[in-house]
Amino acid sequence: MASYDSDDEVDYATDPAWTDITPLPQDDGENPLAQIAYPPEYALAMSYLRGVMAVNDHSARVLDLTADIIGMNAAHYTVWGYRFKTLMALETSNGFNDGKTDWSWRKELDWVQSIAKQYEKNYQIWHHRQLIIDHLNDPTGERDRTNEMFASDSKNYHVWTYRQWLVKRFNLFDAEELEAMDLLLDDDVRNNSAWNHRYFITLGRLGAEDPAEGVIDREIKFAKEAISKAPQNPSPWNYLKAVLRKGNINLASLKDFCERFAPVHPEGEISSSHALDILSEIYDEAGDFVRAEQALVLLAAKYDPVRKNYWRYRKRLLGSDENVLIASEKTPTVHATA
Amino acid sequence: MSYQRRAVNSKARRKVVFPKDWPTMVQIEPLEGQQPRADETVDDVSHPNPYQMAPGRVPVMHLNLPFILDDLKTETSQKQLSTARNIMRSVDQATLPSLDKATHIEFLLNPLDEGLSGGFVGLDASRPWLLYWCINALSALGEDVGVYNERVISSLKPLQHPGGGFGGGNGQAPHVAAAYASILTLTVTSYYASRGLPENERLGVYANSFAWIDREKLLQWLRKIKLPNGGFKVNEGGEEDVRAGYCALVVLALLGYNEEDLRGDLSLGELPLLEGVAGYFKSCQTWEGGIGAKPHAEAHGGYAFCVLAALCLLGDPQEALSENLDFNRLVSWLSARQYAPEGGFSGRTNKLVDGCYSTWVGGCWSLVEAAANAIESSKKSMKVNVGDLWSRKALIRYILTCCQGPYGGLRDKPGIRPDYYHSNYVLLGLSAAQHYYYYDDSSVQSPVLTKSPFRHGYRWKSSKNVPRSSGNDGTGGGWLEGLVEDESDRVGVQHPLFNIPLGAESYLQSWWEWFNDISDVDAIPGEK
């Protein structure tokens, strides 16, 4: 009876397979507010789920029932939780493939993927997948599943959260992971989620550890090349600052690079407000408050006016020790030469 | 059977039909990809108000695309450009439209008075959220939601789980967001129902609203979702993120648990409930300076609010934000969330503005400015006000011109249908822009509250006068003018951490002090 392919609608009230379950009503209390006028099929399925949960039934038919409900309300975390418990119980009792059913972990994962494509903004689907893959202890094909999701929404927060878990859980800090980010950033250099993941796999995961030889230089080069393609893209600028910070490299080393995009003295064509932002800080650290202020005024007046109050606050902080947006974790080894 | 619902009446037929991917427990993702309704265009929000004061000038930044636009086109830049162009048509109004309170109230009363159609089945695990969003938004619009107190109580009682905590609906597993939204709703309606009553009657209202909550079991349940790393899961077997930690702390703070309750019984293997919590939040600050859902996750406005508000429950803003976080990088990232020409906030770098971030990002500013003021004042050894670090006026312009649905309700952006979630968080954001919220470390607290680990959450005040920045010598200042051109546009004051009407938290606190006092069998009557 049970199948992932079945489109048959089950009428739990008349189906002989469900006669042993007593449907339980929902208690919404007296005169409830914002009550939902449930579609009859949802109300019926939920009453049978309550009946099933009351007798702690974890037989294969529960998978039908929960899939039915999830198809109507994918955010039903209680139903997802009960489904996972059922899957685990079925595995323990070897209840998969009992002749009548043809459930398997693989089919479950395929079904989850199809639901995920229908409901992109959903916490439960990806958490369910995580529980399964954690249990199976096998990440095979999982990166591809997330890549499929990125094809329709490359910034899906839930999918990225899952991807990070996957990489951490199975230690997938490998060339394939870095190449995947190269591809995504090649496709859209403004995909900040991909930048975030890149930082995670190259430097973020290290915590207080030092990065391997050459990684800092490689990432600086990568960020600078990305900036050259689109200098007003904030992601690689933020990334560049973060890499320098991790590498314990003084911000002043970016002075020439930034001035290419934001010549302040003499004032030339400004092609990046982010370069101006960093330059104000570099000038500030070097004690050149006039130019630092000039950069902030340009930002407030012309290049990023909605943040005028913030730039004014930054001006207030000029010359103060606290104005180190890139506070090094150790004493800087490279000093400002300007 | 309980699933037999009353017939849908004619008024209910006006209810919007909602998409299948309706957001889950806390929806803080912008609702991208939704198709605009055919009858709704980008220009539909213009409601010129003849009673408004003389029109001002539209700031130039709202009339033009940013000065620098890169040539390279990608999906992100194309979406951003088309959104900015669309919004430019809406924000370009010399006279700001008024806040159409009457139609928003009608939109928000509808689900409470008429119930919801079957199209809302996707919110069946979020019933307390529906109550909170509608009731809190109504209170912000000046409605007396006290009339709903009894029905809120009877609606929420069946959601309390026998094992402690609250589910998203009757018979559902306990979920921390459900507990959060339930407690907030009760706090709001009890406040309204008891205002102006003599003390004994007020206590009666609170007894009715809160005495049925099994505090001991709730605490035990929260221990089950607490993680050894200092984080929380949203439910047993559920996902871990900072939203869970924030919700848990708000529940603990509003229900008046004391240090001893939280410490737990070591002989039973219970660990202190707040152990490692601040450290966990701290570990969620990212390389960008913003804050993600969990360690290493991308910086996101929704989670940033959760962490900032939670930390400010545990300490004064200065220590909470500057000792736990890299403050300057946080401010830089937060500030970069506000865009022109739109005026609104985005939730992440290179994402689009969305009205709900008026709260998630806009709500962070009171906390951040309180910290900045304290830092600068201690540096200068005098009271310094750094003034606003963001543009209140730009956000107000975005909200009034872009976030009001033509048939009531507030929304993400023009062309997107309003909903209850956005209605609440757009209005809370408007409140953040219209008022000055400040931390008052000189406020006098009761002896019980003074010992509470959450005492800092009870020291927030509000003012209609928003100060301008003072000079480094403490001089200058004055007030920011023109934020609320017509007083009828003003929304209610909101607590910057709890997101409920400011003052409701103190009323509730008074009840707990009274309740815990009489419940303490060891206490000698009359002795404090």
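As the structure is a prediction and not an experimental result, all values here were calculated from the model.

1. Some words on the overall build of chain B
In step 1: Of regular secondary structure, chain B possesses 19 helices and 2 strands.
In step 2: Sorting the 528 residues of chain B into buried and exposed places 58% on the buried side.
In step 3: Considering only contacts in chain B between residues 6 or more positions apart, those separated by 24 or more positions represent 73%.

2. Notes on the overall build of chain A
In step 1: Secondary structure assignment for chain A yields 15 helices and 0 strands.
In step 2: By residue count, 47% of the 338 residues in chain A fall in the buried class.
In step 3: Contacts spanning at least 24 positions in sequence make up 63% of the contacts within chain A whose residues lie at least 6 apart.

3. Things to note about the confidence of the model for chain B
The predicted coordinates of low-pLDDT regions are not to be read in fine detail.
Residue and element names in this part refer to chain B.
In step 1: Mean pLDDT over chain B: 89, with 88% of residues reaching 70 or higher.
In step 2: Overall, residues 1-54 carries pLDDT values under 50, and its contacts beyond four positions in sequence, including any with other chains, amount to 107 contacts.
In step 3: Every residue in residues 524-528 is under pLDDT 50, and counting partners more than four places away or in other chains gives 1 contact.

4. Quick word on the nonpolar core
Residue and element names in this part refer to chain B.
In step 1: The biggest cluster of nonpolar side chains holds 241 residues, and the ones touching the most others in it are Cys 134 and Val 307.
In step 2: When residues in this core are grouped by element, the largest group, 13 residues, is from helix H5 (residues 176-194).
In step 3: Once residues lying within four places of it in the same chain are set aside, the contact partners of Val 307 are Val 242, Phe 281, Cys 284 and Ile 291.

5. Observations regarding the interface of chain A and chain B
In step 1: Listed per partner, the contact involves 78 residues of chain A and 85 residues of chain B.
In step 2: Looking at which element gives the most residues to the side of chain A that touches chain B, the answer is helix H1 (residues 40-54) of chain A, with 6 residues.
In step 3: Considered class by class, the residues forming the side of chain A that touches chain B number 35 nonpolar, 28 polar and 15 charged.

6. Digging into the packing of helix H4 (residues 149-156) of chain B against H5 of chain B
Residue and element names in this part refer to chain B.
In step 1: Direction vectors running N to C along H4 and H5 enclose 155°, while the axes themselves pass 9 Å from each other. Judged on the interaxial angle alone, H5 and H4 are roughly antiparallel. As H4 runs across H5, the sense of the crossing is left-handed. Along the contact surface, H4 presents Asn 149, Val 152 and Leu 156, while H5 presents Ser 182, Thr 185, Leu 186, Thr 189, Ser 190 and Ala 193.
In step 2: Split by residue class, the contact of H4 with H5 holds 4 nonpolar, 5 polar and no charged.

7. Considerations on helix H15 (residues 308-317) of chain A
All names here are of chain A.
In step 1: In terms of residue burial, H15 counts as a mostly covered element, since 8 of its 10 residues are buried.
In step 2: Turning to H15, its buried residues number three or more, namely Lys 308, Asn 309, Tyr 310, Trp 311, Tyr 313, Arg 314, Lys 315 and Leu 317.
In step 3: Positive phi appears at Gly 319, one or two residues downstream of H15, with a value of about 80°.

8. Some remarks on unusual backbone geometry
In step 1: The residue after His 265 of chain A, namely Pro 266 of chain A, is reached through a cis peptide bond having omega -5°.
In step 2: A cis amide bond links Ala 340 of chain B to the next residue, Pro 341 of chain B, at an omega of 10°.
In step 3: Despite not being glycine, Asn 56 of chain A shows a phi value in the positive range, around 55°.
In step 4: As for its placement among the helices and strands, Asn 56 of chain A is situated in the loop between H1 and helix H2 (61-72).
In step 5: The backbone phi angle of Asn 137 of chain A is positive, close to 55°, even though this residue is not glycine.
In step 6: Position of Asn 137 of chain A relative to the elements: it lies in the loop between helix H5 (123-136) and helix H6 (142-152).

9. Focus: the environment of Tyr 148 of chain B
Residue and element names in this part refer to chain B.
In step 1: On the secondary structure map, Tyr 148 appears in the loop between helix H3 (127-140) and H4.
In step 2: Taking the number of C-beta atoms within 10 Å as the measure of exposure, Tyr 148 has 25 and is therefore buried.
In step 3: Along the sequence, Tyr 148 and Glu 342 sit 194 residues apart, while their C-alpha atoms lie 37 Å from each other.

10. With respect to the packing of helix H2 (residues 101-114) of chain B against H3 of chain B
All names here are of chain B.
In step 1: Taken N-terminus to C-terminus, the directions of H2 and H3 make an angle of 145°; their axes are 9 Å apart at the nearest point. The handedness of the crossing between H2 and H3 is left-handed. On the side of H2, the interface is formed by Ile 105, Leu 108, Leu 109, Pro 111 and Leu 112, while H3 contributes Leu 130, Cys 134, Ala 137 and Leu 138.

11. Thoughts on the confidence of the model for chain A
In step 1: Looking at chain A, the pLDDT average stands at 91 and 90% of residues meet or exceed 70.
In step 2: pLDDT under 50 marks residues 322-338 of chain A. Its contacts with residues more than four places away, or in other chains, come to 34 contacts.

12. Overview of the environment of Phe 515 of chain B
In step 1: Structurally, Phe 515 of chain B can be placed in helix H19 (residues 504-519).
In step 2: Residues Phe 515 of chain B and Leu 334 of chain B lie 181 residues apart in sequence; the distance between their C-alpha atoms is 41 Å.

13. Description of the environment of Asn 235 of chain B
In step 1: Within the secondary structure, Asn 235 of chain B is located in the loop between helix H7 (215-225) and helix H8 (242-254).
In step 2: Between the alpha carbons of Asn 235 of chain B and Ile 225 of chain B there is a distance of 6.1 Å; along the sequence they are 10 residues apart.
In step 3: Ignoring sequence-local partners within four residues, the contact set of Asn 235 of chain B consists of Tyr 77 of chain A together with Ala 173, Pro 174, His 175, Val 176 and Ile 225 of chain B.

Reading the values: the criteria
- Residues numbered from 1 in each chain as written.
- Chains lettered and ligands numbered in written order.
- Predicted model: local features only at pLDDT ≥ 70, side-chain atom pairs only at ≥ 80, totals over all residues.
- Helix = DSSP H or I, 4+ residues; strand = E, 2+ residues; numbered from the N terminus.
- Buried ≥ 20, exposed ≤ 12 C-beta atoms within 10 Å, placed from the backbone.
- Contact = placed C-beta atoms within 7 Å.
- pLDDT = per-residue confidence, 0-100.
- Core = buried A, V, L, I, M, F, W, Y, C linked by C-beta atoms within 7 Å.
- Nonpolar A, V, L, I, M, F, W, Y, C, P; charged D, E, K, R; others polar.
- Axes fitted to C-alpha atoms, helices over the stretch in contact; angles between N-to-C directions.
- Parallel < 35°, antiparallel > 145°, perpendicular 65-115°, else oblique.
- Left-handed = near helix turned anticlockwise from the far one by under 90°.

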